[in-house]
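Residue-level structure breakdown
Each chain, written out:
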Amino acid sequence: MGSEIPTGEVPGDEGSPPEEGASCSESAPCNRKERTPSSPSKPSAVVAPCHPRLVAAVQLWSRREERPAQRHLLCPGDCADSDSTAGERRWAPASARPRVKLERSSDRMRGAKSQSLAFTGVLLSCLEMIFSANTEHAAFLRTVFSRFSTPIIISILAPDIPVIDQAYSKLSNSITVEWRAVPGATNYMLTAQDGDSFVETIVKNSPGTVTGLKPATLYRITVRSINSGGKSQPSPFRKVKTVLAAPILSVHSPSCDSIAVSWKAVHMAAGLSVSLMRSDGLGRMLKQNTTNSSLIFTNLDPGTLYTIKAYAWNANGMPGDDFTYNQRTSPDAPVDVKVAFNSGALRAVVSWLPTEGALTYSVTVSSGLLKLRCNTSSASCMVPSLQCSSEYYVSVTAYNDAGASEPTDAVSLKTIPCAPVNISIEEDEPGHLLVSWSSVSLGHYYVVFVKSDDGLEVHCNTSHTQCHFQSDCGFTYFISVFAYNKAGQSPLGDVLNYTTAPCCPSDFRAVFISSDTVRVTWAPVRGADLYETRAAGGSGVALCRDTATACTLSALQCSTPYNITVYSFSEARGSNASCAPQYVATAPCSPEIKNISKEGLSVISVQWQPNNEEAMYVVTARGEAGLWHCTSTRNSCTLMDLPCGSAFSVSAIARSPAGQSLPSYSIPLETAPCCPYDLIVTQVTQSVTNISWSVGKGAQTYVTTLESPKGQAKCHTLQTYCLLGCITCGTNYTVSLRAISETGLTSSCTYQGYSSSACCPFGVKLYRLSNNGIRVFWRASDETINYSADLHGSKGNFSCTPSSGLSHCDITKIPCGDVYTVVVAPVTNKGPKLTFCPKKIYSVTCSGSSVGMVIYRGKSNPKHI
């Protein structure tokens, strides 16, 4: 077995100094002093004291059969004598030198017959590398080692175990370790262990840092020293916890003077510190410690860049990693907005004063659902393509990288009216033209120009939507309508031409040639291109069309009265319907039903053409519900007690002493649907009421109506319920329902009246009082109604009721630093409080221990109906 030999100085034999005059060279490496062994069992030893830096000790055995005795080849270095026994000399190692281990190769090769030991080239190479700094040492070793035939094996041992001085964490993902340097160590291995997982890092010297760790986690820290001989055992561990991770901030500017900061919870954090300061260094720094997950900095400068820094701290107050974020507040709304309108081009130029911190501006020009936008980086913008007859509301919004400002107050812009449309021309009576049109939005008055084809022009100026003109038959008129307002005249619209009907034929004469033939003649008239002679009566109409002024009608029915009329036609207008007829009678025929009308809930009136004299007419209604009859000698009769929601087929026959006519053509009849039996009215919100009812037989749709002197609410639906909006509070309504069949028949149903709830107040506001109190103010639509105010906050609920006739009440000693939901509702004599009055949200801040600012935060979102 080999023995470990520490490095050190090489003393002389038995610790004696080297002899004087000893010298070394390649041919004669040393002057050696040989010692005669004291007994045959002890081999001779060769000691090389000739050079003071020699560090190897060589064990030699002279014979194989002798009991091996150990000698040492000593490496150069500082050494001290130790005890020697049985021909063995040892030296304690110096702390600054590596340790080596020498082994005789014959210990591994028991069968070798070597008589002596020699160093192999491997040993020589190792030692030459160790002593390469001095070529004299290397030459000496080569000379000595060449004398031995048995190889010697050298191995370097691992360094000592390091000792940790301190270990600490300054970042959430790392731990820094400091330790005492270990002699002979070339590197160090740092290990951080968390349960079954660990992280290792190789460093050159102290201090060293282990990275890639988890925040707020307790680790066992050890250090191992390393050299070419291997690693030492781990040092005694130290327990160190990493600091907290930095919070991840989410930052935005909800308004021009505030910045909202929020974050997710940091593991093991007891609280957070958040500070804010202008990035340009002006002003003072704001800092808040909180245990919440968000906060808002208010009263900031609009359009200004701020730097936000945040870090979490644990239960011991130890801060963790910090997080820095730059956020700009949104700009303030622009001021001095002006609008210049160009009526001819239908465009507007909008200008304003620049806003601090704004990068761009957006001009919104809105009219109902239509919105036009103009984006610019300057302080003015042109909005083209405006529409006529429109009232636009112009507002300007400033933008920067933080968001948008509040839009400016809307500026009203009214354009010129559009050209009137839906122009219609009617001859309400012969010789009178009625020109009408649809009302034009923003039109104050209208001018109608009428010019006839003979060159005569007249006009009509009116604030209404129609004008009357005198006209003559057979003329063509050209008509245009313009609308006007303060902005100017509307564009030219459609120019209509209207041709009046040709004049009616005069000198009309009708002469019967036979019982079924009549000849009609008349005089020609202006504007007529064609004439039509019509004989109407009984079950058909006889027609005769010709450009001539005479017509013969044949194949007329007997016992039938006819109305014979001659109409004049023109290509532009058609027939003149105002021409008077002449009556001619022939033999009677079968009746023809002309009209069926509803006289009552279950009463139907049937009318027919009375085409026979002294005849009895019988009307029959046939359906699944049965047969119903009525008779009359005149032109109508009434069917009684018909069931609602039923279908019938109605026909008529004529009876006379001569016999009975063929039935008339059947006319389908449907009675009106039945009214629902039940109807329930329930108020959902202040302006919305729900009405439900039972199914009415024969009804497909329903129209429900709530009507009062203040207005009407109506709903048309397929369902048996309906939501009615626009209900006026504190009003008595008449409730009615119309049941409508598939074909449009209607039954009107009336039910008990309904009274809506008292009106909710408006203009609810909170004001701060000097005595740490809050005043709730509102405006009531009716001074006779009593109201109560309720404030709901996280620190308590408060209510107050004013004296009669007052529109405010006070709440004293209200806790500040809370957000309150404020609702003011009418006080009812019966039933619970109204829950649908508007709810407003106010923040009541603290000024020291007193009530500070009262800030309006908006309305509470209403529940969906």
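Everything numeric in this text was worked out from a predicted model, so none of it was measured. Residue indices follow the written sequence of each chain, beginning from 1 at its first position. Note on the predicted model: pLDDT of at least 70 is required for a residue's local features to be given, and 80 or more for side-chain atom pairs to be given and counted; whole-chain, interface and lining totals, by contrast, use all residues. Side-chain measures were taken over the full set of non-hydrogen atoms in the model, leaving aside hydrogen atoms and water.

With that settled, the discussion passes to the overall build of the protein. Secondary structure elements are defined from DSSP: runs of H or I of at least 4 residues count as helices, runs of E of at least 2 residues count as strands, and each element is numbered from the N terminus. Secondary structure assignment for the protein yields two helices and 70 strands. The buried share of the protein, taken over its 865 residues, is 41%. Put simply, the protein shows about 46,400 Å² of open surface, and 50% of that area lies on carbon and sulfur atoms. Each residue is assigned to one of three classes by its accessible area relative to the maximum for its type, calculated with a 1.4 Å probe on protein chains only: buried under 20%, partly exposed between the two thresholds, exposed over 50%. All accessibility values rest on the Shrake-Rupley procedure with a 1.4 Å probe; residue burial counts only the protein chains present in the view.

Glancing now at the sheet that holds strand β20 (residues 294-297). Sheet architecture is open: three strands sit in the order β16-β17-β20, paired in antiparallel fashion. The two strands at the open ends of the sheet, each matched to only one other strand, are β16 (249-255) and β20. Sheet twist, expressed as the mean angle between neighbouring strand axes with direction ignored, is 20°. For two strands to be treated as a pair, DSSP must find at least two bridges joining them. Here β16 runs beside strand β17 (residues 258-263); their pairing, made up of five bridges, is antiparallel. Each residue of the ladder has a partner; that of V251, found in β17, is V261. Geometry is summarised by axes, namely lines fitted to C-alpha atoms with helices restricted to the contacting stretch, and by angles between N-to-C directions that run from 0 to 180 degrees.

What follows concerns the layout of surface pockets. If a probe as big as a water molecule is rolled over the atoms, it shows which places are left empty. In this model, the largest pocket occupies a volume close to 780 Å³. Using a 1 Å grid laid over the protein atoms alone, points where a 1.4 Å probe fits but cannot get out form a cavity; open sets with protein on both sides within 12 Å along at least 5 of 7 lines form a pocket; any residue with an atom within 4 Å of a point counts as lining. I296, T298, T845, I855 and R857 are the residues nearest the centre of the largest pocket, which is lined by 22 residues in total. Elements with a contribution of two residues or more to the lining of the largest pocket: β16, β19 (286-290), β20, β68 (818-826), β69 (839-847) and β70 (850-859). Ranked by residues supplied to the lining of the largest pocket, first place goes to β69 with four residues. When its residues are assigned to classes, the lining of the largest pocket shows nine nonpolar, eight polar and five charged. Grid points are joined across faces, edges and corners, and a volume is the space filled by probe spheres set on the points. Three categories are distinguished: nonpolar for Ala, Val, Leu, Ile, Met, Phe, Trp, Tyr, Cys and Pro, charged for Asp, Glu, Lys and Arg, and polar for the others, with Gly belonging to the last.

Turning next to unusual backbone geometry. Cis geometry is found at the peptide bond from S206 to P207, where omega equals 0°. Within the secondary structure, P207 sits in the loop between β11 (197-203) and β12 (208-211). Backbone geometry at S389 places phi at a positive 55°, although glycine is not the residue there. Tracing the chain through its elements places S389 in the loop between β27 (380-383) and β28 (391-400). Judged by relative accessible area, S389 falls into the buried class, the value being 13%. With a phi angle near 70°, L442 is a residue other than glycine that sits in the positive phi range. In this fold, L442 is placed in the loop between β32 (432-436) and β33 (445-452).

Okay, the nonpolar core next. We call a set of buried Ala, Val, Leu, Ile, Met, Phe, Trp, Tyr and Cys residues a nonpolar core when their side-chain atoms join them within 4.5 Å. Among the nonpolar cores identified, the biggest contains 22 residues, and V435, W437, V448 and F469 are the most heavily contacted of them. For this core, the secondary-structure elements that each account for two or more residues are β32, β33, β35 (466-470) and β36 (476-485). Ranked by residue count, the leading element in this core is β36, at four residues. Setting aside residues no more than four positions away along its own chain, V435 makes contact with I423, S424, I425, V448, T465, Q466, C467, F469 and I479. Among the nonpolar cores identified, the runner-up in size contains 21 residues, and V776, C809, V822 and V824 belong to it. Contact between two residues is taken to exist if any of their heavy atoms lie within 4.5 Å; hydrogens are not considered.

Okay, the side chain of T329 next. Relative to the elements of secondary structure, T329 occurs in the loop between β22 (319-328) and β23 (335-342). At a separation of 2.9 Å, a polar atom in the side chain of T329 contacts the main-chain amide nitrogen of T304. Pairs of N or O atoms are called polar contacts if they sit within 3.5 Å, as long as, within protein, a hydrogen donor faces a hydrogen acceptor (for residues adjacent in sequence, only side-chain-to-side-chain pairs).

So, about the sheet that holds β27. If you trace the three strands from one edge of the open sheet to the other, you get β23-β24-β27, paired in antiparallel fashion. Two strands close off the open sheet at either side, each with one partner strand: β23 and β27. On average, each strand axis in the sheet is tilted by 15° relative to the strand beside it, whichever way the strands run. As paired elements, β23 and strand β24 (residues 347-353) share six bridges and run antiparallel to each other. Across the sheet, A340 pairs through a bridge with V349, a residue of β24.

Once that is clear, we can look at the pairing of strand β66 (residues 796-800). In terms of strand pairing, strand β65 (residues 787-793) meets β66 through five bridges, oriented antiparallel. Each bridged residue has a counterpart across the sheet, and for D790 the counterpart in β66 is S799. The antiparallel pairing of β65 with β66 creates a hairpin that spans two residues between the two strands.

Only one rule defines a salt bridge in this text: a Lys or Arg side-chain nitrogen within 4 Å of an Asp or Glu carboxyl oxygen. Taken as a whole and assessed by the stated rule, the structure comprises ten salt bridges. For R534, the salt bridge goes to E532, with nearest N and O atoms at 3.2 Å. Overall, the relative accessible area of 2% leaves E532 in the buried class. The structure contains a network of salt bridges with shared partners spanning R278, D280 and D301.

For every residue, the predictor reports its confidence as pLDDT, a number between 0 and 100. Mean pLDDT over the protein: 78, with 79% of residues reaching 70 or higher. Note that pLDDT drops below 50 for residues 1-150; the model gives that stretch 262 contacts with residues more than four away or on any other chain.

This part covers the state of the cysteines. What counts as a disulfide here is a pair of cysteine sulfur atoms lying within 2.5 Å. As enumerated under the stated definition, the model contains 14 disulfides in all. Note on cysteine connectivity: C473 is disulfide-linked to C503, with sulfurs 1.8 Å apart. A torsion of 75° about the S-S bond marks the disulfide between C473 and C503 as right-handed. One end of the pair, C473, is in the loop between β35 and β36; the other, C503, is in the loop between β38 (496-499) and β39 (506-514), with 30 residues separating them in the sequence. The class of C473 is partly exposed, set by a relative accessible area of 26%. Residue classification places C503 among the buried positions, given a relative accessible area of 15%. C675 shares a disulfide with C749; S-S distance 1.9 Å.

You can see V339 is positioned in strand β23. Along the primary structure V339 and V350 are separated by eleven residues, whereas in three dimensions their C-alpha atoms are 4.6 Å apart. Not counting the four nearest positions on each side in its chain, V339 is found in contact with A348, V349, V350, V394, V411 and L413.

Moving on: the packing of aromatic side chains. Note on aromatic contacts: the rings of Phe and Tyr and the six-membered ring of Trp form a pair at centre separations within 6.5 Å, being stacked when their planes are under 30 degrees apart, edge-to-face when over 60 apart, and tilted otherwise. All chains considered together, the criterion is met by 14 aromatic pairs. Centre to centre, the rings of Y445 and Y484 are 5.1 Å apart; their planes meet at 5°, and the pair counts as stacked. Of this pair, Y445 sits in strand β33 while Y484 sits in strand β36, placing them 39 residues apart in sequence. Relative accessible area serves as the criterion here: at 34%, Y445 is assigned to the partly exposed category. Overall, Y484 belongs to the buried group, its relative accessible area being 16%.

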